[in-house]
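What the coordinates show
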Amino acid sequence: MARRGSRHVIFSFRPTGRGREVWRRFMPSPEDHEKVLRDVAKGIAGGRWPLSEVFVYDPLFLRVLSGFNVKYDRVRACRIGDYMDIDSEGNVIPCLFAKAIRLGNILEEDLLKIRREMLENVLLTSLKSPDNLKGKCSSCKYEWVCGGCRVRAYELTGDWFASDPLCAYLPD
């Protein structure tokens, strides 16, 4: 058991940066990834780890966790465009992993201006709506909970709206 007040954050696989170079070599199968997510969900549901101490940064986890009847305080896991990340060079991106979408640079532009433009960005607005998803994500009953990882979809398919390639779930 973790010390009181500690939190464990699990970042799931994202094929970005140097990770993209080794992705194909070490990529788990969708089934193996699902097993890891299920094992974490079982630990939470069984009381091994308090939910308040475990944060899994993967949209697919919310779908898996919902199968264990565990209440989670997040409505939707993929928050692309809901916050800004600033890299070491001052580039503003809409997600820690979405390096392909550069919104501006705080060393060259006003942060409030970048934020306003981000809120009006057509791509980001479109990515927030599951109605725009393609493939199996478009017919999945978990589209409003999960929606898959948009960065993973883009990096592996070239399409921001494609199904998450690491998802093992098959909708009815």
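Located above this text is the structure these notes cover.
First, a word on scope: everything that follows refers to the structure included in this document.

Here is what the cut-offs are and how they apply
- Residue positions are given per chain, counting from 1 as you read along its sequence in written order.
- Owing to the predicted nature of the model, reporting of local features is limited to residues with pLDDT of at least 70; listing and counting of side-chain atom pairs is limited to 80 or more, with chain, interface and lining totals taken over all residues.
- Where side-chain values are given, they derive from all heavy atoms of the structure, hydrogens and water being excluded.
- When DSSP finds at least two bridges between two strands, those strands are taken to pair.
- Put simply, DSSP H or I for four residues or longer makes a helix, DSSP E for two residues or longer makes a strand, and each gets a number counted from the N terminus.
- Accessibility here uses a 1.4 Å probe with only protein chains present; expressed as a share of the type maximum, an area under 20% marks a residue as buried, one over 50% as exposed, and anything in between as partly exposed.
- Within this scheme the basic residues Lys and Arg register as positive and the acidic residues Asp and Glu register as negative, but His and the chain ends are omitted.
- The salt bridge definition used is simple: a Lys or Arg side-chain nitrogen within 4 Å of an Asp or Glu carboxyl oxygen.
- N or O atoms closer than or at 3.5 Å make up a polar contact, with two conditions inside protein: a donor-capable atom paired with an acceptor-capable one, and, for residues adjacent in sequence, both atoms drawn from side chains.
- Contacts are residue-level and defined by heavy atoms, with any inter-residue pair within 4.5 Å sufficient.
- Each patch is built from salt-bridge-free residues with over 30% relative accessible area, joining like charges within 9 Å and nonpolar side chains (Val, Leu, Ile, Met, Phe, Trp, Tyr) within 5 Å.
- Only the protein chains shown count as covering a residue, and every accessible area follows the Shrake-Rupley method with a 1.4 Å probe.

If you walk across this open sheet you meet the 3 strands as β3-β4-β5, and the pairing is antiparallel. Each edge of the open sheet carries a strand with a single partner, namely β3 (85-86) and β5 (104-105). Bridge count for strand β4 (residues 91-93) against β5 is 2 bridges, and the pairing is antiparallel. Bridged to Asn-91 within β5 is Asn-105.

Tracing the chain through its elements places Arg-14 in the loop between β1 (8-11) and α1 (18-26). Buried within the structure, Arg-14 lacks any salt-bridge partner; Asp-58 is the closest side chain of opposite charge, at an N-O distance of 4.7 Å. Side-chain polar atoms of Arg-14 contact the backbone oxygen of Ser-12, separated by 3.1 Å. Discounting residues that sit within four places of it in the chain, Arg-14 has contacts with Trp-23, Tyr-57, Asp-58, Pro-59, Phe-97, Cys-149 and Arg-152.

Here the focus is a nonpolar patch on the surface. Residues Ile-86, Ile-106, Leu-107 and Leu-111 make up a contiguous nonpolar surface patch of about 350 Å² in total accessible area. Looking at where Ile-106 falls in the secondary structure, it is placed in the loop between β5 and α4 (111-119). Under the relative-accessibility criterion, Ile-106 is labelled partly exposed at 35%.

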